[in-house]
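The primary structure of each chain is shown beneath.
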Amino acid sequence: MENEYKPASFEAAWTKKWAQQGLYSTPEQVADKPKVYILDMFPYPSGAGLHVGHIEGETATDILSRFMRMRGYRVLHPMGWDSFGLPAENFAIKSGVHPHETTEKAIKTFKQQMDRMGFSYDWDRELGAHREDYYRWTQWLFIFLYNKGLAYRAKAPVNWCPSCQTVLANEQVEEGMCERCGTEVIQKEMEQWFFKITDYAQRLLDDLQKLDWPESTKLGQKNWIGRSEGMIIPFAVADSKDTIEVFTTRPDTIFGATYMVLAPEHPLVSKIITDEQKEEIQRYQQTTAHKSSLQRSGLEKQKSGVFTGASAINPANNQKIPIWIADHVLMTYGTGAIMAVPAYDERDMQFAKQYDLPIEKIELTKSKEEMTEWLVQKRMGKKSVQYKLRDWLVSRQRYWGAPIPMIFCEQCARSTGLQGWQPVADTDLPVTLPTDVDFKPTGESPIAYSKTFQKGVVCPKCGSVEARREVDTMDTFVDSSWYYFRFADPHNQSAFASKEALKKWLPVDTYVGGAEHTVLHLLYARFITKALYDAGYLAFDEPFTQLRHQGIVMGPDHRRMSKRWGNIINPDDEVDKYGADTVRLYEMFMGPLKDTKAWNTEGIQGIYRFLKRVWKLAEKVGGTLPADVHQEQQKILHKTISYAQEAIPKMMFNTTVSKYMELVHSIAKEDTIEVDTWNTFLTILAPFAPFMTEELWARQGHAESIHKNTWPRLQKKLLEESTVTIPVQINGKIRGTVTVSAQEEEQEVITAALQVPLVKKHLEGKQIVKTIYIQGKILTFVV
RNA sequence: GCCGCGGUGGCGGAAUAGGCAGACGCGCAGGUCUCAAAAACCUGUGAUGCUCAAACAUCGUGUGGGUUCGAUUCCCACCCGCGGCACCA
C-alpha cells in the first residue's frame, strides 16, 4: 500500500530539482554535436491559462526534445510569450487594470502550468514581446525595413466601428459586425504604415517547394499569394485622350468583351463621367464606401453597378463598349478595371443579365498563349503577373503593442516636401510605451492622450522641436515574425541576435503549432526572414525547415471546447487527478498529432491504469530469467526501441505508446524483470513520462538524472526473425497459415501449405492454375 | 461557389511500395478478490449463420463501378462530414 503510485508526491519536487540543477539549460559549446532547434509557436498568455490544446503541441515538442538530447544532439528548446495584444487591452477597458499587470500575471500562470507538465524549456532564454528589451528590437526591425524601403506610409481603408469610435483589427470584425458591440463596421480611409511584403510575393511562392511543411499549409500560402498570369491591355476611352488599362487572364476572349467595369475608387472615374451622370455616380460611390466588409467580401451575392455614360474602344476589334462602375471590381487587384466577357465569365454574365448588357457568344480562334503573343506583337497589350497578396498593414490604433518608432517633423516636412517622417535614432530605442493613458475608446490611439509620450521629442534629423511621435502601435504579428531569432541570443544588448548565435542555432528545425496560423504568421515570418537575409543578417532565407500542426482537442461531447457548452477540460484538474505524466501520455495517445480529436474522460483512465501498472512492475525488478525467455524478451524490447526511434522523429506518438503497452504486457507476464531490461525500458519511456521514470530511476539508487541517459543502442540482430508465419490463400481467400523458416525455398513452402487440412479441403477436386509466392509474405493458389 | 482534408467495430484509433482488417486503449459482458462496493487482476468482445461451445462458412473499411490471384490501400463516378478562401477579372 505504501508503494502506491502517487504522482503528486514527487512531481513538484522533481520540477524544482531539475530547475536547480539547470538540467534543461541549453548546451552552449558542444562543437562535436549536431544542433537541433525545436520550437513551439509563441503562445498568447491569456487570463484563462494554458489549455489542453497548448499542451498537446508542447508535449509533442517536449518528447521530441528529450529524445533528441538522448540521441546526442544539442537541443535548443525555448519558450516565450506573444504578450502584446487585444484581450489584455479590452480587459483593461472593462476593468481598469493595466495590461502590463494582467499580462505578467498570466505569464506567471502559464509558466507554472508548463513547469507542472514537466516541459523541458530553457527558462534562461524566456522572452516576452511586451518587455522593453524585446520590443526595442521589434522597433529596430521596423526601422530596418523603413531604411530598406520596405516600410512606407499610405492611405488605406480600415475597419471602423462607429459606436465604439475605434479602428478594429480584422480579427475583431465578425461577419461584418464589431465583435464587442455588434454594430456594423464601416470602411474608413486613414494614413497607415505598411510593410512591402508584395515585393517578396514570387519568392515566398517559389521557396515553398523547399520546405518540409504539410501540403495543405503550403497550398494555403500559395492561394493567399494568389499568383495569376495574364495581360494588361489598354482600352482607349472614346472621344478622349485617356486610356484605361485592364488586367485579364483570358486575353483569348477579348473579342467577346462587351462592356468594361471600373472599381468605384478608380482614379479615372471622376474624369470620364458625363455631367448628367455625376450625381448618380457620386451617390453610388458613397453607398459603396459605407458598405460593410461583409458586403464587400462577396457574401452578398447581388451585384450593383452604375453606367458612366462613357465608352471605351476594344483595341482588338475597335468596337465601342460602355464603361460601367461596380463595386465587385476591386481597386486593390490588377488595375482596378476589367474588360467584361459575359460569354466566358459567370460574374460578367450575371452583371450583364442584371443590367441588360450585350452578350456576345464568340468562337475562340486562338489559344490563350497564341492570343497573348498576337496582342504583344500588335502592341495592344503586355504580359503581366498579378498577386492577390497585399502589403501588410502594421499600424494599430491601439495601446498594448510596440510603439512605431517614427517621428513626424514639421520642419523637415516643410523643407523637403514629403519627407516629414524620420526614424527614431537607434540610440534612442526603445520608444517606451507610456503608462499614463486612458484605455477608453475615443477614435484615436490611446497613446495620443499620454502627457509624457511627446515630451522633449525632437526631430532625429534636423533637431527641430516641431516634432511629434507616431502614436500608433504595431500589429502584434510583427512581434511574432522574428522572435525565433531572439531565442538564439536573448540577452544581446547590441543586436537582435549575434551572427554567431544565429549561425549556431538557426533555422528552426521543427516548428509545431496550430493550423490557424497557416497563412498570416507563417507568411510574415518568412517575409521578415527573407528581408533580413537580403541585407546580410542571416545565412538562410527560410525560418522553419519542418513544420507540423497539432489538431484541435474537442470536448468530451465532440464539440469545440467552450464556456457555452460547459465542456472545457482544464489541464490543472486533470493533473490533480492523474498527475502530469498521465496527461502527457494521454494527449499523445488520443490519436495522430495533426488530427482533431475529442477528449475522453474515461480514455485518460486507461493511460493512468497503464502507468500504475508500470509503477507496480518496479517491485519485480532484480532477478534473472531463463535463457530462452530472456532472449524472447530482448527481441520484443529491441523491436520496441526500433519502433520508437523511427516513430518519434515523425511524431507518431500514439502508436509508440501502444508499442510500449505491448512491451509492458510482455515483461509483466514473467515473475521477475531483469535490471537491464527495466533500465532500458525506463529510458525509452522517460521522454514521455519524465516524472515517473525519474522517480523510479532514483529509487533504484541512481544519482544522476535519467534524463541524462543516452538512448539505448539498438541491437539489429535481435530484430531478425528465424521463422515466419505465411498466410495461404486460395483465390484471394485466406484458408490457413504455414510457419516456415524465413529463408525457405518456394517449393518447400508450397509443399508445406498443401499439407494444411483446410487448404487441402478447399483444393479438393480443383485444378491449380497458378501459384504465387511472395518471399516471406504470402502464398496464393489460383484455381 | 472554389480549394484542401477526411469517412474503418458501441467509441478514440491501428494497418496502405496492394498481401492474415480491427494493433493499443475505452466501453461492454462474464469471472477472481470482497459482507458489499470501489480498486486491481483474468477471460471474452465486428456482424450473421450453423437451435450451447468448438470448428466452419458467409458478409464486412461511406455508396456504386473498375483494375488484380488478392483492394481499407490504386483508378473512375457519386454521397456525407470537417476546415480554409471568398466577386482576385
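So, how was this worked out
- Residues numbered from 1 in each chain as written.
- Chains lettered and ligands numbered in written order.
- Predicted model: local features only at pLDDT ≥ 70, side-chain atom pairs only at ≥ 80, totals over all residues.
- Heavy atoms only, no water.
- Helix = DSSP H or I, 4+ residues; strand = E, 2+ residues; numbered from the N terminus.
- Buried < 20%, exposed > 50% of the residue type's maximum accessible area, 1.4 Å probe, protein only.
- Contact = heavy atoms within 4.5 Å.
- Core = buried A, V, L, I, M, F, W, Y, C linked by side-chain atoms within 4.5 Å.
- Phe/Tyr/Trp six-rings, centres within 6.5 Å; stacked < 30°, edge-to-face > 60°.
- Lys NZ or Arg CZ within 6 Å of the ring centre and 35° of its normal.
- Pairing = 2+ DSSP bridges.
- Axes fitted to C-alpha atoms, helices over the stretch in contact; angles between N-to-C directions.
- Salt bridge = Lys/Arg side-chain N within 4 Å of Asp/Glu carboxyl O.
- Expected span 1.5 Å × (residues − 1).
- pLDDT = per-residue confidence, 0-100.
- Lys, Arg positive; Asp, Glu negative; His and termini not counted.

Peer 1: Would you mind showing me how to read the overall build of chain A here?
Peer 2: A tally of helices and strands in chain A yields 26 helices and 30 strands. On the principal axes, the C-alpha backbone points of chain A span a range of 105 × 80 × 50 Å. For chain A, with 783 residues in total, the buried portion stands at 53%. By sequence separation, contacts in chain A at least 24 residues apart represent 73% of the contacts at least 6 residues apart.

Peer 1: Can you help me understand the nonpolar core in this one?
Peer 2: One broad rule of soluble globular proteins: the nonpolar side chains tend to lie buried together. With 88 residues, the main nonpolar core has W392, Y484, F485, F496 and L506 as its most contacted residues. Tallying contributions element by element places helix α5 (residues 132–147) first for this core, with nine residues. Those residues within four positions of F496 in sequence are excluded, and the remaining contacts are W137, W140, W482, F485, R486, D489, L502, L532, Y537 and L538. Formed by 77 residues, the second largest nonpolar core is a distinct cluster that contains I55, L64, F67 and Y578.

Peer 1: Just checking my understanding: could you explain the packing of aromatic side chains for this structure?
Peer 2: The geometry of an aromatic ring pair comes down to the distance between the two centres and the angle between the two planes. Per the stated rule, a full pass over the model turns up 56 aromatic pairs. The interplanar angle of 5° and the centroid separation of 5.5 Å between the aromatic rings of F10 and W615 together place this pair among those described as stacked. Here F10 is found in the segment before α1 (11–21), whereas its partner W615 is found in helix α20 (residues 603–617), with 605 residues between them in sequence. Across the pair, W615 and F10 agree in class, each one buried. For the pair Y511 and F544, a centre-to-centre distance of 4.0 Å together with 20° between the ring planes defines the contact as stacked. Of this pair, Y511 sits in strand β23 (residues 508–514) while F544 sits in strand β24 (residues 544–550); the two residues are 33 residues apart in sequence, bridging distant segments of the chain. For the pair Y511 and F544, one class covers both residues: buried. The ring of W137 has R136 sitting right over it, with the charged end atom 3.9 Å from the ring centre. Directly above the ring of Y643 sits K659, whose terminal nitrogen or CZ lies 5.0 Å from the centroid.

Peer 1: Explain the sheet that holds strand β19 (residues 406–409) to me, please; I cannot follow it from the model alone.
Peer 2: Adjacent strands of a sheet form backbone hydrogen bonds with each other and so pair up, either parallel or antiparallel. In spatial order, the strands read β20-β19-β21; together these three strands make up an open sheet with antiparallel pairing. Two strands close off the open sheet at either side, each with one partner strand: β20 (421–423) and β21 (467–469). Across this sheet, the average inter-strand angle for adjacent strands is 30°, counted without regard to direction. As paired strands, β19 and β21 are joined by three bridges and run antiparallel to one another. Within β21, the residue paired with C409 across the bridge is A467. Here α5 sits on the sheet in contact with β19 and β20, set at roughly 125° to β20.

Peer 1: Hey, could you run me through the pattern of salt bridges in this one?
Peer 2: Any two side chains of opposite charge can pair, so long as their charged atoms come close to each other. A complete count under the given rule lists 35 salt bridges for this structure. D207 is the salt-bridge partner of K530, the closest N and O atoms lying 2.4 Å from each other. Here D207 lies in the loop between α6 (201–206) and α7 (215–225) and K530 lies in helix α17 (residues 520–534), a separation of 323 residues in the sequence. Overall, K530 belongs to the buried group, its relative accessible area being 0%.

Peer 1: How should the environment of T198 be read in this particular structure?
Peer 2: Inspection of the secondary structure assignment puts T198 in the loop between β9 (186–195) and α6. The residues contacting T198, other than those within four sequence positions of it, are L389, R390 and D391.

Peer 1: Even after reading the chapter, I still don't get helix α2 (residues 52–70), so can you show me in this structure?
Peer 2: Each turn of an α-helix holds 3.6 residues, which means side chains three or four residues apart point in the same direction. Here α2 contains 19 residues, and its C-alpha end-to-end distance of 27 Å stays within 8% of the 27 Å for a straight helix at 1.5 Å per residue. Buried residues dominate α2, accounting for 18 of its 19 residues.

Peer 1: Would you explain the confidence of the model for chain A in this entry?
Peer 2: Keep in mind that low pLDDT regions are not for reading the predicted coordinates in detail. Model confidence for chain A is summarised by a mean pLDDT of 89, while 96% of its residues fall at 70 or above. In the model of chain A, helix α10 (residues 293–296) stands out as the element of lowest mean pLDDT, 50, in contrast to helix α15 (residues 483–486), which has the highest, 98.

Peer 1: Help me understand the sheet that holds β24 in this model?
Peer 2: The parallel open sheet is built from four strands, whose spatial order is β2-β1-β23-β24. In this open sheet, the two edge strands, each paired with only one partner strand, are β2 (74–76) and β24. Pairs of neighbouring strands in the sheet enclose a mean axial angle of 20°, with direction left out of account. One ladder, built from three bridges, connects strand β1 (residues 35–40) with β23; its direction is parallel. From the neighbouring strand, D40 faces β23, where its bridge partner is V512. Packing of α17 onto the sheet brings it into contact with β23 and β24, and relative to β24 it is tilted by some 170°.

Peer 1: Sorry, what's going on with the pairing of strand β27 (residues 723–730) here?
Peer 2: Consecutive side chains of a regular strand alternate in pointing toward one face of the sheet and then the other. Inspection of the sheet shows β27 paired to strand β28 (residues 733–741) by eight bridges, in the antiparallel sense. Directly across from V728, in β28, lies its bridge partner G736. Counting the residues that bridge the hairpin from β27 to β28 gives two residues, and of these N731 lies at a positive phi of roughly 50°. Where β27 lies against strand β30 (residues 778–782), three bridges are found, and the strand directions are parallel. Across the sheet, residue I730 finds its bridge partner in β30, namely F781.

Peer 1: Teacher, can you tell me more about α5 here?
Peer 2: Compared with an ideal rise of 1.5 Å per residue, which puts 16 residues at 22 Å, α5 spans 22 Å between its outermost C-alpha atoms and is within 8% of the ideal. Among the 16 residues that make up α5, 12 are buried, leaving the element largely enclosed by the rest of the structure. The set of residues buried in α5 consists of Y134, Y135, R136, W137, T138, Q139, W140, L141, F142, I143, F144 and L145. Immediately beyond the C-terminal end of α5, within one or two residues, lies G149, with a positive phi of roughly 75°.

Peer 1: Looking at this structure, how should I read the side chain of E58?
Peer 2: The residue E58 is located in helix α2 in this model. Within the buried core, E58 has no salt-bridge partner, and the shortest N-O distance to an opposite charge, that of R584, equals 9.6 Å. Once residues within four sequence positions are removed from consideration, E58 is found in contact with D40, L50, M79, M114, F119 and Y121.

Peer 1: Can you walk me through unusual backbone geometry in this structure?
Peer 2: Excluding glycine, residues mostly carry a negative phi; peptide bonds, for their part, are mostly trans. For the peptide bond that leads from L429 to P430, omega is 0°, which places it in the cis range. Position of P430 relative to the elements: it lies in the loop between β20 and β21. Here L506 and P507 are connected by a cis peptide whose omega angle stands at -5°. By the element assignment, P507 lies in the loop between α16 (499–505) and β23. Of note, the phi angle at R379 is positive, near 60°, even though the residue is not glycine. Within the fold, R379 resides in the loop between α12 (368–377) and β16 (382–386).

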